[in-house]
Amino acid sequence: MTSEQHDVTAVCFPDVQRHRGASDSYGLQGTINPATAHHAFHYELKLTEPVGDNRDPWRGASGAAVFCDGLLIGCIQATLKGDGALYVMPADRFLLHRCFHRLVAEDSDIAPVLEPVALRPYLTAPLTTLRTPAQLLEPEAAIMPMQGRAPDILLAWCRERCPGTPGVPSTQEPDRRVRVRLLCARSGLGKTRAAVEAARQLTAITGTRRSDWTAGFLASDPEGEPNWNQLLGNLTKSLLLVVDHAETRGDQLSPLLDALHAYRGSHRIRVLLLARSQGQWLRELPPPWNRLNGQKGSSEVTDTVQALYRDALLAFAVGLQHMQGYRPHGPGQPGWTGLAELQPALPALRERGGEPSIGDVQLHALSDLLKIGGRGAGPDPRLVLLAQEHDYVLRALRARQLSVDHDLVTLILTATALFASPDENATVTEVQAALGYRFRHVAGSTQAIHSWEAVRLASDITDILAELYPSREHAHRGALPDAVAAGQLAEAESNHRGRGFAERVFQQATPAQRKQAQPVLTSAHQLYPESARDVPKPGEGMAPPSRLRAASGLKDATLERPSNTRPSAADSPAIKSPHNLDPGSEPTTRPSVTDSQATKGPHNLDPGSEPPSTPRRRGPSL
């Protein structure tokens, strides 16, 4: 979507290989300028390596897939006469054919999604696979049809040539092609879902028409600092950029808005800010954007609450039916769709002193459906979904022959609820801290854990967590779904098995991780004011991490992944953690955490249920 040159690769078996007497495939390398396809229906691939004097050395390369930065961007179509460059059919033309959708879905179990290559390091990745019931509530899952006219309003705002920025006089706007809009509302009213739907319709390919827009959500922890002046100056399409939880991301917004002020390009740029509240963060934005008027989100629905509840039951039943490892419990069950038809009408529902939002109704519908199917109990719908997350992790760990218990899973998911883990070593450190807390503070055990064995166990769990919760923001491990993250923090504090652990993890976090944790901390204190009173408060601990560690007496934990060669006892590094694990003597067996050492958790998880199949890693994107 920019006019810069991009390095690309393709694997093929052209004639040049036969002339060289080679029998292996050839790794073709070159560069593509996306602007070459702006008025044509193909890219021009300039080859990096000269190939000699053969008359048509690249005959046989047609049909080879071309990749850039891990994304499929097209396939080789033909050879250009003259300079030897190659025609490449752009990937967005594949989406015009239904057979392509079907073939990709059959092979990878996901639908193909268009992503902008140039902006990929700075945007969140698409949600490709749903692994747990809580993910059915994610806005990008789009399980339920969109309610209200919010996407249509956003589409009109994007497409209108000179719509004006609400709250900013036209004489003070930097450029009439640039627009910024603030949508402010509490969670559950559909802000993110409306933005997702608008982005999808804006970039959709209809018939033979290719979209002249690209869109995406700005990552909270991008892969490097974007040069917005350069990226925006090289645009070949109009851009919609969505910033979720904008109230916590002022440091990212300032350079972006400064670049918008200096933008003089020909393409339209729309920046949509989604926030739960207005306040000091808005006043600190560079002018004129600090005078934005936040338009309130609306829970406008076209159906009654009861009709919405019934539709949600049937939609979630279809979603659960396609999710592995989540069959209804009990003999003779009719399946999720049959159970949804048996569910009575939604009882009187009041959330936070007012009428229920769309998110509230959908949350109760999914929870009620799981309870009918014997997969949960209790009045709190978030804790019903949280029990499925515990079950999901516990079964996956035990399927890999790791002996763990509910208490350890509670601690691991507490760290996962706060934020994503930026790299592998950070995830190992979090898991090792959970192991230490489990043995010292929960079981009161004096069992000595040899440092090397503890690192190996933490390493095994780390690998599985990266598969169970793949990151969408270039991190090693992602975070818990929003629907259950706040409940996990409150649950850990209230059942005495994880009290204080969230505070310990939060104090050792990086500033970027603390920023990521602000929305879930806010939700935890709003939804569970009593249970979460010891959870870090929003805005707390935003000072540099070194000051926090010095104030609390915590030590840095630096753990390296074990290699294939086992070190000697003298070389084995002692584990440094906030829990001071005693390296002690080497045990004869791998340390394990079993239910015999502590009572089971409150969720009645069934360890004997069918373990989930190995989750797929992120599938192919376009």
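Residues numbered from 1 in each chain as written. Predicted model: local features only at pLDDT ≥ 70, side-chain atom pairs only at ≥ 80, totals over all residues. Heavy atoms only, no water.

A. How the structure looks around the packing of aromatic side chains. A full pass over the atoms with the stated rule returns three aromatic pairs. Each ring, one from Tyr-392 and one from Tyr-469, has its centre 5.8 Å from the other, and the planes form 90°; the classification is edge-to-face. Here Tyr-392, found in helix α11 (residues 381-399), pairs with Tyr-469, found in the loop between α14 (451-468) and α15 (482-494); they are 77 residues apart in sequence, far enough to count as distant. Comparing Tyr-392 with Tyr-469 shows no difference in burial state: the two are buried. (Phe/Tyr/Trp six-rings, centres within 6.5 Å; stacked < 30°, edge-to-face > 60°. Helix = DSSP H or I, 4+ residues; strand = E, 2+ residues; numbered from the N terminus. Buried < 20%, exposed > 50% of the residue type's maximum accessible area, 1.4 Å probe, protein only.)

B. Geometry of the pattern of salt bridges. Scanning all chains against the criterion turns up 11 salt bridges. Across the pair Glu-44 and Lys-46 runs a salt bridge whose closest N-O atoms are separated by 3.8 Å. Overall, the relative accessible area of 26% leaves Glu-44 in the partly exposed class. The closest approach of N and O atoms between Lys-515 and Asp-251, which form a salt bridge, is 3.3 Å. Note that Lys-515 is positioned in helix α17 (residues 511-527) and Asp-251 in helix α6 (residues 250-262), a separation of 264 residues in sequence. Lys-515 sits in the buried class, given a relative accessible area of 12%. Among the residues examined, Asp-251 registers a relative accessible area of 52% and is labelled exposed. Salt bridges sharing common partners tie together Arg-375, Asp-391 and Arg-395. (Salt bridge = Lys/Arg side-chain N within 4 Å of Asp/Glu carboxyl O.)

C. Region of the structure containing unusual backbone geometry. Between Pro-287 and Pro-288 the backbone carries a cis peptide bond, its omega angle lying at 5°. Structurally, Pro-288 can be placed in the loop between α7 (280-283) and β11 (295-296). Residues other than glycine seldom take positive phi values, yet Ala-142 does so here, at roughly 50°. Exposure remark for Ala-142: the relative accessible area of 26% places this residue in the partly exposed category. Even without a glycine there, the phi angle at Gln-401 is positive, about 60°.

D. Quick peek at the packing of α11 against helix α12 (residues 406-418). Where α11 meets α12, the closest approach of the two axes is 10 Å, and the angle between their N-to-C directions is 115°. By the angle between their directions, the pair α11 and α12 is classed as roughly perpendicular. Helix-helix and strand crossings are classified by hand; for α11 and α12 the assignment is right-handed. For the pair formed by α11 and α12, the contact residues are Glu-389, His-390, Val-393, Leu-394 and Leu-397 on the first element and His-406, Val-409, Thr-410 and Leu-413 on the second. (Axes fitted to C-alpha atoms, helices over the stretch in contact; angles between N-to-C directions. Parallel < 35°, antiparallel > 145°, perpendicular 65-115°, else oblique. Left-handed = near helix turned anticlockwise from the far one by under 90°. Contact = heavy atoms within 4.5 Å.)

E. Examining the packing of helix α8 (residues 305-321) against helix α10 (residues 358-372) more closely. The N-to-C vectors of α8 and α10 enclose an angle of 50°; their axes lie 8 Å apart at closest approach. With respect to each other, α8 and α10 are oriented oblique. Where α8 crosses over α10, the two elements pack in a sense that is right-handed. Contacts between α8 and α10 involve Val-305, Leu-308, Tyr-309, Ala-312, Leu-313, Phe-316, Ala-317 and Leu-320 on the former and, on the latter, Ile-358, Val-361, Gln-362, His-364, Ala-365, Leu-366, Asp-368, Leu-369 and Leu-370. Of the residues belonging to the contact of α8 with α10, the class tally is 14 nonpolar, two polar and one charged. (Nonpolar A, V, L, I, M, F, W, Y, C, P; charged D, E, K, R; others polar.)

F. Geometry of the environment of Arg-264. Its place among the elements puts Arg-264 in the loop between α6 and β10 (269-275). The class for Arg-264 is exposed, based on a relative accessible area of 56%. Along the primary structure Arg-264 and Arg-177 are separated by 87 residues, whereas in three dimensions their C-alpha atoms are 8.5 Å apart. Reaching out from Arg-264, the side chain makes a polar contact with the backbone oxygen of His-261 at a distance of 3.2 Å. (Polar contact = N/O pair within 3.5 Å; in protein donor to acceptor, adjacent residues only side chain to side chain.)

G. Summary view of α17. Here α17 spans 25 Å end to end across 17 residues, near enough to the 24 Å set by a 1.5 Å rise per residue. When the local axis directions of α17 are compared, the greatest deviation, roughly 40°, occurs at Gln-518, which is followed within four positions by the proline Pro-519. Judged by how many residues are buried, α17 sits mostly within the fold: 12 of 17 residues are covered. Of the positions making up α17, those classed as buried are Gln-513, Arg-514, Lys-515, Gln-516, Ala-517, Gln-518, Pro-519, Val-520, Leu-521, Ser-523, Ala-524 and His-525. (Expected span 1.5 Å × (residues − 1). Bend = angle between axes of the 7 residues up to and from the residue.)

H. The arrangement of the environment of Glu-247 in detail. In this fold, Glu-247 is placed in the loop between β9 (238-243) and α6. Excluding residues that lie within four positions of it along the chain, Glu-247 makes contacts with Leu-274, Ala-275, Arg-276, Ser-277 and Trp-281. Side-chain polar atoms of Glu-247 contact the backbone nitrogen of Arg-276, separated by 3.4 Å.

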